[in-house]
Amino acid sequence: MSFRLSVFLLVLALLSACSSNGLIRPGPTEVDGLSLRPSIAWSQRGAKGERQWTIDGPQLNALEIYTGIKDGEHVFKFDVRNKRDEGLLFRANMNTLELQELIIAGLKEAGAVDPQSQQLSPAKVGNLDGFRIELRFANAQGLRYRALGLGFIANDRLQFLLYYAPEEYYFDRYLGEVERLFAGVRWRD
Amino acid sequence: MNLRIVLASTLSALLLACAGTPPSPAPVNYQPSDASTDEAGLWAQMVKVEQTLAHSPARVHDAGLEQYLLEVSCRVAADYCQDLRIYLMREPFFNAAMYPNGVMIVWTGLLLRVEDEAQLAFVLGHELSHYRHRDTLARWRRIKRTESILAGLSVAGGAFGAGLVGVAGAISGYAALFAYGRDLERRADDYGLQRLQQAGYDPSAPGRLWSAMWEEDKVRDKELLSGIFGTHPATEERATELTQRGAELPPGDSQRERYQQRIAPSRAQWLDDELGRRHYIQSEVLLNRLLRQPEADATTRYALAELYRLRASDGDLQRARAAYDAVLTDPNASPNAYRQRAQVRTKLGDRSGASRDYAHYLRKVPDAPERPVIEQMIEQLESGR
């Protein structure tokens, strides 16, 4: 086997180890330092730091799980986290109002139309202080979405979960599951 | 002369010779009559595009403002008025575009930057030129022709073993395409200026507009993607030429007051969208220009304070604090200024001032969606945590 081919296969193996597409079964599970306890099965795709869970497909319901966002990195755009974007970056000393701004700006940049915060409240994630945010936005075709987010900073890094679904029927359909999931989120340092 | 250079030059000349005849100007109320033509196909595509635009959530549903845009475009377009349909889209960039079927898109970032009706009329006249001269069709045909010739060049270059011929031909081909695009823009500027003058508007408007755009373009951070221009960037040449030509023409109306009255209710939202681009160096140039205008108000001063707070570079927090102070002397200032100043005061170590500002904000906006978080912040500030 040539040296180049060996390196290629090694890189491929490492990448496969990072990404984990497949089924998340009900029961306790670990996702990039977070302990979660879904009560129904979700499909997962993505890689460490940015996972997407869904039940009926991401257009109908999605739970995005962003973890380990460092000072100076993007929240949503995993692929460009280290590239320049004046302002739209997480800072470890941000207060909850600034995090709300960052999330709304990030959603806009990701293509959400007119994202609006409906409620921003303090939240506890185990012993850690966090926040809970409720949002509304539309996609480019005008379909209205609702979203529920849970975030906290641990070790100067932002962890953020965002559930979103079309506000008609789909958002409420799994809201109970997401509320239970959020209530049970724990950070395993 | 080197054989490759001769070949490349010959092929480049061939490209130019095959440029084709541009379409004749569209008469009033024009529609392609032959459904089998490429133009009819293009129009059919545009019907779908227009449906998407009409139902896009980015479309601004402000009947008064759309009606105003139509009125100005009709003053400029005269006979062609009935052919035009305008869609105002909420996008914070300086852009307007004309489709071959008379659909015109105007972005809110353009309206934020335009200072008076004469400047708007020039932009609309410029776009009208693209419609009247069927420029979309001309460019589309040109692109198709260039690409097929370049594909031929690539095959020929390979067959002759002269890779450089293909490269040189391609460079010439694309350069010719871009030059053609610039020619169409120059003609549209000429036409816009001519229409502006015929409608009795101030001919200095285009020069003033493009000089202002050039100021913003000069400071653009090329590593950031969010430059303000949706299509072609401003150039110093364009600003200079339009300024000179405007000075040679008899004066006209700017209709500044009427324009400013029309956009005033939307300015706060457009400024917020502008800051959302996160290209602060350009936004700072724009905001400082807007603040020099007679219409400058608390809304624009608030946007500048927000820019400093969000950018948070050296000295920005102090600048933001001073700017919020100035905003809050105006009784019409947004109560959000208290909440934002509270954040800045916290960072500057003024905890009691921050707590007072948060409390003041909650009194002004009792049903604020972030009330629980602000109440927690007040508690932390007052308890010294």
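Further up the page is the structure itself.
Below is a summary of the structure that appears in this document.

Calculation criteria
- Residues numbered from 1 in each chain as written.
- Chains lettered and ligands numbered in written order.
- Predicted model: local features only at pLDDT ≥ 70, side-chain atom pairs only at ≥ 80, totals over all residues.
- Heavy atoms only, no water.
- Helix = DSSP H or I, 4+ residues; strand = E, 2+ residues; numbered from the N terminus.
- Buried < 20%, exposed > 50% of the residue type's maximum accessible area, 1.4 Å probe, protein only.
- Areas by Shrake-Rupley, 256 points an atom, 1.4 Å probe, with all protein chains shown as cover.
- Disulfide = S-S within 2.5 Å.
- Expected span 1.5 Å × (residues − 1).
- Contact = heavy atoms within 4.5 Å.
- Buried area = accessible area lost by both parts, 1.4 Å probe.
- Salt bridge = Lys/Arg side-chain N within 4 Å of Asp/Glu carboxyl O.
- Polar contact = N/O pair within 3.5 Å; in protein donor to acceptor, adjacent residues only side chain to side chain.
- Phe/Tyr/Trp six-rings, centres within 6.5 Å; stacked < 30°, edge-to-face > 60°.
- Arc of directions from axis to C-beta.
- Pairing = 2+ DSSP bridges.
- Axes fitted to C-alpha atoms, helices over the stretch in contact; angles between N-to-C directions.
- Parallel < 35°, antiparallel > 145°, perpendicular 65-115°, else oblique.
- Left-handed = near helix turned anticlockwise from the far one by under 90°.
- Nonpolar A, V, L, I, M, F, W, Y, C, P; charged D, E, K, R; others polar.

**Considering the overall build of chain A**
- Of regular secondary structure, chain A possesses 4 helices and 11 strands.
- Every one of the 189 residues in chain A was classed for burial, and the buried ones make up 46%.
- Just so you have it, chain A exposes about 9,400 Å², and 52% of that area is on carbon and sulfur atoms.

**With respect to the state of the cysteines**
Residues and elements named next belong to chain B.
- Scanning all chains against the criterion turns up 1 disulfide over all chains.
- The residue that forms a disulfide with Cys74 is Cys81, at a sulfur-sulfur distance of 1.8 Å. Measuring the twist about the S-S bond at about 55°, one finds the Cys74-Cys81 disulfide to be right-handed.
- A relative accessible area of 23% means that Cys74 is categorised as partly exposed.

**Examining helix H12 (residues 280-291) of chain B**
Residue and element names in this part refer to chain B.
- With 12 residues, H12 should cover 16 Å at 1.5 Å per step; its first-to-last C-alpha distance of 16 Å lies within 8% of that length.
- Looking only at H12, the buried set comprises Tyr280, Gln282, Ser283, Glu284, Leu286, Leu287, Arg289 and Leu290.
- Looking at the buried residues of H12, the elements they touch are helix H4 (108-113), helix H8 (205-218), helix H11 (267-276) and helix H13 (298-311).

**So, the interface of chain B and chain A**
- On the chain A side, the residues contacting the 30 residues of chain B number 25 residues.
- Buried area between chain B and chain A, both sides added, is near 2,100 Å², and the carbon and sulfur share of it is 51%.
- Linking chain B with chain A are 3 salt bridges.
- Ionic pairing is found between Glu98 of chain A and Lys347 of chain B, a salt bridge with its closest N-O pair at 2.3 Å.
- Counting across the interface, chain B meets chain A through 4 residue pairs in polar contact (both at pLDDT 80 or more).
- For the side of chain B that touches chain A, the elements supplying multiple residues, two or more each, are H11, H12, H13, helix H15 (336-347) and helix H17 (371-383) of chain B.

**Re the packing of aromatic side chains**
Residue and element names in this part refer to chain A.
- All told, the structure shown has 13 aromatic pairs over all chains when counted by the stated rule.
- Taking 6.1 Å as the distance between ring centres and 20° as the angle between the ring planes, the aromatic pair formed by Phe131 and Phe160 counts as stacked. Placement of the pair is Phe131 in strand S8 (residues 128-138) and Phe160 in strand S10 (residues 157-166), with a sequence separation of 29 residues. There is no split in this pair, since Phe131 and Phe160 are both buried.

**A short note on helix H9 (residues 236-247) of chain B**
All names here are of chain B.
- Compared with the 16 Å implied by 1.5 Å per residue over 12 residues, the 17 Å span of H9 between its first and last C-alpha is a close match.
- Inspection of H9 places Arg238, Ala239, Leu242 and Gly246 among the buried residues, and these make up the whole buried set. For H9, the angular spread of buried residues about the axis comes to 100°, placing them on one side.

**Some details on the sheet that holds strand S11 (residues 186-187) of chain A**
Residue and element names in this part refer to chain A.
- Ordered in space as S2-S3-S11, the 3 strands form an open sheet in which the pairing is antiparallel. Bordering the open sheet on either side are strand S2 (29-31) and S11, each of which pairs with just one other strand.
- When S2 meets strand S3 (residues 34-36), the two strands line up antiparallel, connected through 3 bridges. Bridged to Thr29 within S3 is Leu36.

**Some remarks on the pattern of salt bridges**
Residue and element names in this part refer to chain B.
- One pass over the full model with this rule turns up 43 salt bridges over all chains.
- Lys218 is paired through a salt bridge with Glu215; the nearest N and O atoms lie 3.2 Å apart. Highlighted residues: Lys218 and Glu215, both in helix H8, separated by 3 residues, approximately one helical turn.
- With its nearest N and O atoms 3.7 Å apart, the salt bridge here joins Arg267 to Asp297.

**Considering the pairing of strand S3 (residues 103-107) of chain B**
Residues and elements named next belong to chain B.
- By the criterion of burial, S3 is predominantly enclosed, with 4 of the 5 residues buried.
- Direction of pairing for strand S1 (residues 85-89) relative to S3: parallel, over a ladder of 5 bridges. Within S3, the position partnered with Leu88 by the bridge is Val106.
- As paired elements, strand S2 (residues 96-98) and S3 share 3 bridges and run antiparallel to each other. Pairing of Met98 across the sheet is with Met104, part of S3.
- In this structure, the hairpin formed by S2 and S3 is closed by a connection of 4 residues, where Gly102 is found at a positive phi of approximately 90°.

**Brief notes about the packing of helix H14 (residues 316-327) of chain B against H15 of chain B**
All names here are of chain B.
- Contact geometry of H14 with H15 gives a least axis separation of 10 Å together with a crossing angle of 150°. Compared by their axis directions, H14 and H15 come out roughly antiparallel. Between H14 and H15 the crossing geometry is left-handed. Here Leu317, Ala320, Arg321, Tyr324, Asp325 and Val327 of H14 lie close against H15, whose contacting residues are Ala337, Gln340, Arg341, Val344, Arg345 and Lys347.
- Split into classes, the residues belonging to the contact of H14 with H15 amount to 6 nonpolar, 1 polar and 5 charged.

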